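Fold and geometry: a report
Chain residues, written in single-letter form:
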Amino acid sequence: MSHNRSLLVTNCSQLVTLAGPPRPRIGAEMRELAIIPDGAMLVRNDRIAAVGTRAEIEPLAPQDTQVVEAQGRVVMPGFVDAHTHLIFAGNRSDEFEMRCAGATYQQISERGGGIRSTVRRTRAASEDDLVATGRKHARWFLSGGTTTVEAKSGYGLTVDDESKILRAIWRVSEATPLRCVPTFLGAHEIPEEFKSRPDDYVDLVVNEMLPRLVKENLVEFCDCFCEAKVFSVPQAEHVLTAAKQHGLGLRIHADQFTSGGAVELAARLGAKTADHLEQTTQESMNKMKQAGVQPVLLPASVYAIGSQKYAPARAMMEAGLPVVIATDFNPGSSPTTSMTMVLSLACTQMKMLPSEALTAATINAAYSLNRGHEIGSLEPGKIADFVLYDAEDYRELAYFFGIPRTAAVFAAGQEVDLGQLL
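First things first, this report covers the structure right here in the doc. (Residues numbered from 1 in each chain as written. Predicted model: local features only at pLDDT ≥ 70, side-chain atom pairs only at ≥ 80, totals over all residues. Heavy atoms only, no water.)

1. Notes on the overall build of the protein chain
Test applied: Only DSSP runs of H or I covering at least 4 residues are called helices, and only runs of E covering at least 2 are called strands; the numbering of each starts at the N terminus. Just to be clear, the radius of gyration here is over C-alpha atoms, and the globule rule we use is 2.2 Å times residues to the power 0.38. Contacts are assigned to residue pairs with any non-hydrogen atoms lying within 4.5 Å of each other. Only the protein chains shown count as covering a residue, and every accessible area follows the Shrake-Rupley method with a 1.4 Å probe.
The helix and strand tally for the protein chain stands at 16 helices and 15 strands. Its C-alpha radius of gyration of 21 Å places the protein chain within 12% of the 22 Å reference for a compact globule of 422 residues. Counting only C-alpha atoms, the protein chain reaches 70 × 45 × 45 Å along its principal axes. For the protein chain, the proportion of contacts with a sequence separation of at least 24, taken over those separated by at least 6, is 72%. Accessible surface computed for the protein chain: about 15900 Å², of which carbon and sulfur atoms make up 51%.

2. Re the sheet that holds strand β1 (residues 6-16)
Quick note on the threshold: Pairing between strands is defined by DSSP: at least two bridges between them are needed.
Reading across the sheet, the seven strands line up as β3-β2-β1-β4-β13-β14-β15 and stay open at both edges, with mixed pairing between neighbours. Both edges of this open sheet fall to β3 (47-53) and β15 (414-415), since each of them pairs with a single strand only.

3. Digging into the sheet that holds strand β11 (residues 294-297)
The pairing of strands in a sheet happens through backbone hydrogen bonds and is either parallel or antiparallel. The test is simple: Between N-to-C directions, angles span 0 to 180 degrees; the directions come from axes that are lines fitted to C-alpha atoms, helices contributing only their stretch in contact.
Taken together, the eight strands give an open sheet; going across it, the order is β5-β6-β7-β8-β9-β10-β11-β12, and neighbouring strands pair in parallel fashion. The strands lining the two open edges of the sheet, one partner per strand, are β5 (79-84) and β12 (324-325). Contacting β6 (146-152) and β7 (179-187), helix α6 (residues 159-175) runs over the sheet at an angle of about 170° to β7. Together, β7, β8 (221-224) and β9 (249-254) form the strand contacts of helix α8 (residues 233-245), whose direction differs from that of β8 by roughly 180°.

4. Side note on the pattern of salt bridges
Inclusion rule: By definition, a salt bridge exists where a carboxyl oxygen of Asp or Glu is found within 4 Å of a side-chain nitrogen of Lys or Arg. Here's how the labels work: a residue is buried when its accessible area is under 20% of the maximum for its type, exposed when over 50%, partly exposed in between, all with a 1.4 Å probe on protein chains only.
Going through the model one piece at a time under the given rule, you end up with 29 salt bridges. The shortest N-O distance in the salt bridge between R31 and E356 comes to 3.2 Å. Remark: E356 occurs in helix α14 (residues 354-360) and R31 occurs in the loop between β1 and β2 (35-44); sequence separation between them is 325 residues. Here E150 and K152 are joined by a salt bridge, their closest N and O atoms 2.6 Å apart. Each member of the pair, E150 as well as K152, carries the same accessibility label: buried.

5. A few points about helix α10 (residues 282-291)
Formally: Throughout, the arc means the angular range of directions from the helix axis out to the C-beta atoms.
For α10, every residue scored as buried is listed here: S284, M285 and M288. For α10, the arc enclosing every buried residue in end-on projection is 100°, short of the 170-degree limit, so these residues lie on one face. Structural note: α10 exposes E283 and Q290 on the side pointing more than 90 degrees away from its buried face. Turning to α10, the residues buried within the fold contact α9 (262-269), β10 (273-276), β11 and α12 (313-318).

Printed below as a string of structure tokens:
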């Protein structure tokens, strides 16, 4: 925005602010959305200046303020999607058909499909190709009301290809209004050429990939897929310990298909998040609570692979964990960018209340990315990332599913021209 430009958003049926303590929300706090009925918000340049009722806020607006008439709609913070695989080449619609015919995700992977098939296509793609695809995906996210994503690498699995993916993530973040937080996931799968020597691949990740990506300043977090038949707990520990020494934040794919020590590792190393957690135990939840690890639940990937076993969200909230929900957008197990679909799954399959799901998809997600002081709620001083929805009540976002409800999206105080992103 130009110098000192102001924007007034007014006539909101509900201004869902999520104002509250400056930390992730737990327990009953996850149901407290700090909604202002008949609300209004004043934005100055890219930041929120004031929120309140129309009667309070309208008189504060300077003469030349641009007015956004919400027409009795819900206005909310942009969704923060804390687990995505934004950049990849091709898709796996062929494997989707195989799963529909009865093959399991693991069986397809053993036949050379799965992550490795996307790796082959992504290695073959140029950086410009990946940026073009990433821009398309950014448009999908923004048009659904998501303004920030965590974006993982992990479909390159060579030093150069991981670097290429992370550079593409940066370029998409610069070229679109979608804010991207880059995560290195070199330990996503053991590539074909290292199939018989997984420890050698782990050494490559630790000794070559990590130092180079940190030196190139391309990455903020490091993740690892810790699971039987992928990376063992000792291998994951080797990768994440090295990442920690490089000053990166830690995340881990844990307890997705089996429960085997990954959560304990996350707790031991002080990871920011443990993601998936469909098979996790009460004991693991207690360890996460003690260590301050946030659970990131991915119900769309459970749905898309045809599993019935969703993560125990209610038990986690009862254990006092600040739950996050995310799409896990990826070509294999969760081909969706729709956070409203994830809200629906969280409510219907994990029995979260609409308010809890919304907290998990905004402010708690922002804290899991070390961005809670900047985004995830509509409070004075924060970046003005907000969305107008064709709804009068925020609960409609989880209740109506599979229907685009976004009326307008604003990133850093500027309306996103969704048509222009084409």
